Amino acid sequence: MKAVPKTASKAATKTASKTVGGKSAKKTARQTAKKATPAKTAAKKVTPAKAVSKRAVSKKAAPKQGVSKKAVSTKAASKKAASDEAAAKKVAPVQPVVPEPPRNESHTALVRRARRINRELAEVYPYAHPELDFENPFQLVVATVLSAQTTDLRVNQTTPALFARYPTPEDLAEANPEEVEEILRPTGFFRAKTKSVIGLSKALRDDFGGEVPGRLEDLVKLPGVGRKTAFVVLGNAFGRPGITVDTHFQRLVRRWQWTAESEPDKIEAAVGGLFPKSEWTMLSHHVIFHGRRICHARKPACGACPIAPLCPAYGEGETDPEKAKKLLKYEKGGFPGQRLNPPQAYLDAGGIPAPPLGAG
């Protein structure tokens, strides 16, 4: 036999009690009312559903309004961005794409690139010249010795008084050191420089008959005269080719990857092998001019550099053309040059003479 469930037996008992008496009927009525109560509860539960539907409707409506506002703001932002971009294009020129020389550059390719750089610089600086004022080899050798650890401008502002008082090697050889020191004080290291210029004047008087020699081996024997000074004198006073390895020359040839050497004599030999000997003197002027005007030590004006496509170091300095123009010096930037008495070609190109010492 199957067991009868308890719920079924209770139901049967309640049914039976209906027929017995009134008490059971009342109990049954109360139970019926209790059963009706969940229906009311269920009816109450319907209300949140209505509220949910209202909220859902309001939420659906709200996003539509929000999206439309967002769309409007996005359109406005895109229009503003487009106008800003158009304005930027008008103000800032397009940056040039500068190719880098190949990393594994052959010697032949290096020679071609180096010579092309020199040709480009010759077009940019057709008036390149030594930036020390001089009228004869003696003045040039003295001025070059004085240019150590100072600018050519300061030397040019100082030598007029020196040469007015001591115009020949014999005069300077007999000079009072204290008086010379006072004249040379603006150039810095004036005691050491006084010793050098008086010493080389005595050597010229005693060993070379008061004349500046025209040979490298003789020039380097003079006090204060090294290979750099000797090549300046040979190239510009005697017309004999030489490479002047000053600080500008050293910096630029390494930036251009012409050589990795750091010692002046080794740089001289390495760079000299890339060019015909006849070009050495003007090559020195072109490189030094470029180093002083555009390819500066701390912040090169890359954006205004005429040889940027040939330079492996492009980007070390300011690449924006407008900002780079503000970094240009001397005649390229509209400023006075180094010489008080520059060559006529320099003046014809727009160069401005430097002011004398104490002016302005």
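These numbers come from a predicted model, not from an experiment.

(A) Main features of the overall build of the protein. Looking only at helices and strands, one finds 15 helices and 0 strands in the protein. Classification of the 360 residues of the protein by burial places 38% in the buried group. The contacts in the protein between residues at least 6 apart in sequence include a share of 58% that link residues at least 24 apart. Of the roughly 21,500 Å² that the protein leaves accessible, carbon and sulfur atoms contribute 57%.

(B) Structural context of the side chain of T244. Tracing the sequence through the fold places T244 in the loop between α10 (227–237) and α11 (247–255). The contacts of T244, once residues within four sequence positions are left out, are K228, F231, V232, F249, S284 and I288.

(C) Expanded view of the environment of E170. With respect to the secondary-structure elements, E170 resides in helix α6 (residues 169–173). E170 sits in the partly exposed class, given a relative accessible area of 33%. For the pair E170 and S201, spaced 31 residues apart in sequence, the C-alpha to C-alpha distance is 6.6 Å.

(D) Highlighting the environment of P312. Tracing the backbone shows P312 in the loop between α13 (280–293) and α14 (321–325). Residue P312 is classed as buried on the basis of its relative accessible area of 17%. When the C-alpha atoms of P312 and R255 are compared, they prove to be 6.9 Å apart, with 57 residues separating the residues in sequence.

(E) Here's a closer look at the side chain of R293. Position of R293 relative to the elements: it lies in helix α13. Classification of R293 by relative accessible area gives buried; the value is 0%. A polar contact is formed between the side chain of R293 and the side chain of E131, at a distance of 2.8 Å.

(F) Quick look at the pattern of salt bridges. Evaluation of the coordinates by the stated rule reveals 14 salt bridges. Between E182 and R185 there is a salt bridge, with its nearest N and O atoms 3.3 Å apart. A salt bridge links R255 to E316; its shortest N-O distance comes to 3.5 Å. Of the two residues, R255 is situated in helix α11 and E316 in the loop between α13 and α14; the sequence distance between them amounts to 61 residues. For E316, a relative accessible area of 52% translates into the label exposed. Salt bridges sharing common partners tie together E131, D152, R292, R293 and E331.

(G) Quick look at the environment of G272. Position of G272 relative to the elements: it lies in helix α12 (residues 264–272). For the pair G272 and L283, spaced 11 residues apart in sequence, the C-alpha separation works out to 9.8 Å. If sequence neighbours within four positions are ignored, G272 has contacts with I243 and W280.

(H) Just the packing of helix α4 (residues 137–146) against helix α5 (residues 152–165), in detail. Packing of α4 against α5 brings their axes to within 10 Å, and their N-to-C directions diverge by 130°. With respect to α5, the element α4 is oriented oblique. Helix-helix and strand crossings are classified by hand; for α4 and α5 the assignment is right-handed. Where α4 approaches α5, its residues F138, Q139, V142, A143 and L146 are matched on the opposing element by V155, T159, L162 and F163.

(I) Up close: helix α7 (residues 177–184). When we look at burial in α7, the residues that qualify are V180, E181, I183 and L184. The buried residues of α7 all sit within an arc of 160° when viewed along its axis, so they share a single face. Residues of α7 that are buried make contact with α4, α5, α6 and α8 (190–207). For α7, the capping residue at the N-terminal end is N176, with a side-chain oxygen 3.0 Å from the backbone nitrogen of E178.

(J) View of the packing of α11 against α12. Between α11 and α12, whose axes approach to 11 Å, the crossing angle comes to 55°. In terms of axis orientation, α11 runs oblique to α12. The two elements α11 and α12 meet at a crossing, and its hand is left-handed. In this structure, α11 contributes F249, Q250, V253 and R254 to the contact, and α12 contributes P264, I267 and V271. Here the contact of α11 with α12 is composed, by residue class, of 5 nonpolar, 1 polar and 1 charged.

(K) Inspection of unusual backbone geometry at higher detail. In this structure, Q257 takes a positive phi of about 60° despite not being glycine. Inspection of the secondary structure puts Q257 in the loop between α11 and α12. Even without glycine at this site, Y330 takes up a positive phi of about 55°. Its location among the elements puts Y330 in the loop between α14 and α15 (344–348). Classification of Y330 by relative accessible area gives buried; the value is 17%.

Calculation criteria
- Residues numbered from 1 in each chain as written.
- Predicted model: local features only at pLDDT ≥ 70, side-chain atom pairs only at ≥ 80, totals over all residues.
- Heavy atoms only, no water.
- Helix = DSSP H or I, 4+ residues; strand = E, 2+ residues; numbered from the N terminus.
- Buried < 20%, exposed > 50% of the residue type's maximum accessible area, 1.4 Å probe, protein only.
- Contact = heavy atoms within 4.5 Å.
- Areas by Shrake-Rupley, 256 points an atom, 1.4 Å probe, with all protein chains shown as cover.
- Polar contact = N/O pair within 3.5 Å; in protein donor to acceptor, adjacent residues only side chain to side chain.
- Salt bridge = Lys/Arg side-chain N within 4 Å of Asp/Glu carboxyl O.
- Axes fitted to C-alpha atoms, helices over the stretch in contact; angles between N-to-C directions.
- Parallel < 35°, antiparallel > 145°, perpendicular 65-115°, else oblique.
- Left-handed = near helix turned anticlockwise from the far one by under 90°.
- Arc of directions from axis to C-beta.
- Nonpolar A, V, L, I, M, F, W, Y, C, P; charged D, E, K, R; others polar.

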